[in-house]
Amino acid sequence: MDPTFVEFLWVLLLGSLLGLELIGKVPPTLHTPLMSGANAISGITVLAALAAIIKAGDNSVLLRLGSVSLGVARVNVGG
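Computed from a prediction, not measured in an experiment: that's the story for all the values here.

Cut-off values and rules
- Residues numbered from 1 in each chain as written.
- Predicted model: local features only at pLDDT ≥ 70, side-chain atom pairs only at ≥ 80, totals over all residues.
- Heavy atoms only, no water.
- Salt bridge = Lys/Arg side-chain N within 4 Å of Asp/Glu carboxyl O.
- Buried < 20%, exposed > 50% of the residue type's maximum accessible area, 1.4 Å probe, protein only.
- Helix = DSSP H or I, 4+ residues; strand = E, 2+ residues; numbered from the N terminus.
- Expected span 1.5 Å × (residues − 1).
- Contact = heavy atoms within 4.5 Å.
- Patch = residues over 30% accessible without salt bridge, like charges linked within 9 Å, V, L, I, M, F, W, Y side chains within 5 Å.
- Areas by Shrake-Rupley, 256 points an atom, 1.4 Å probe, with all protein chains shown as cover.
- pLDDT = per-residue confidence, 0-100.
- Polar contact = N/O pair within 3.5 Å; in protein donor to acceptor, adjacent residues only side chain to side chain.

Caption draft 1: Molecular detail of the pattern of salt bridges. Evaluated as defined, the whole model comprises one salt bridge. Between K25 and E21 there is a salt bridge, with the nearest N and O atoms lying 3.3 Å from each other. E21 sits in the partly exposed class, given a relative accessible area of 43%.

Set out below in structure tokens:
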């Protein structure tokens, strides 16, 4: 059975709420090390998104997914 769009929205909603709850409980002394780790992961995501865009060819779904991933990861690295 293929997941539906509504199931994807539920996962996004629950993941966002869980992330908000977890980030709110991080003490200030751990904020900088956690953010540097998150930025490193976003840097890897930028490279993976670029690779997906290069390999996409005529696959428009992969091209769009790579473009969205690149944009979101770039915002995180730049911020």
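Structure shown, so let's carry the discussion forward.
Caption draft 2: Spatial organisation of helix α2 (residues 28-56). Relative to the 42 Å expected for 29 residues at 1.5 Å per residue, α2 spans 41 Å between its end C-alpha atoms, a close match to the ideal helical length. Within α2, burial applies to S42, V46, A49 and A56. Where α2 is buried, its residues meet α3 (60-78). G57 lies just past α2 and shows a positive phi near 60 degrees.

Caption draft 3: Up close: a nonpolar patch on the surface. Side chains of V6, W10, L13, L14 and L17 sit close together on the surface and give an oily, nonpolar patch of about 510 Å² of accessible area. Locating L17 in the fold gives a position in helix α1 (residues 5-24).

Caption draft 4: Up close: the confidence of the model for the protein. Taken as a whole, the protein shows an average pLDDT of 84; of its residues, 95% reach a score of 70 or greater. Within the protein, α1 carries the highest mean pLDDT (87), whereas α2 carries the lowest (84).

Caption draft 5: Broad picture of the environment of S69. Checked against the element boundaries, S69 lands in helix α3. Take S69: its relative accessible area is 27%, and that puts it in the partly exposed class. Taking the C-alpha atoms as reference, S69 lies 24 Å from T32; in sequence the two are 37 residues apart. Once residues lying within four places of it in the same chain are set aside, the contact partners of S69 are T45 and A49. Engagement of the side chain of S69 in a polar contact is seen with the backbone oxygen of L65, the distance being 2.9 Å.

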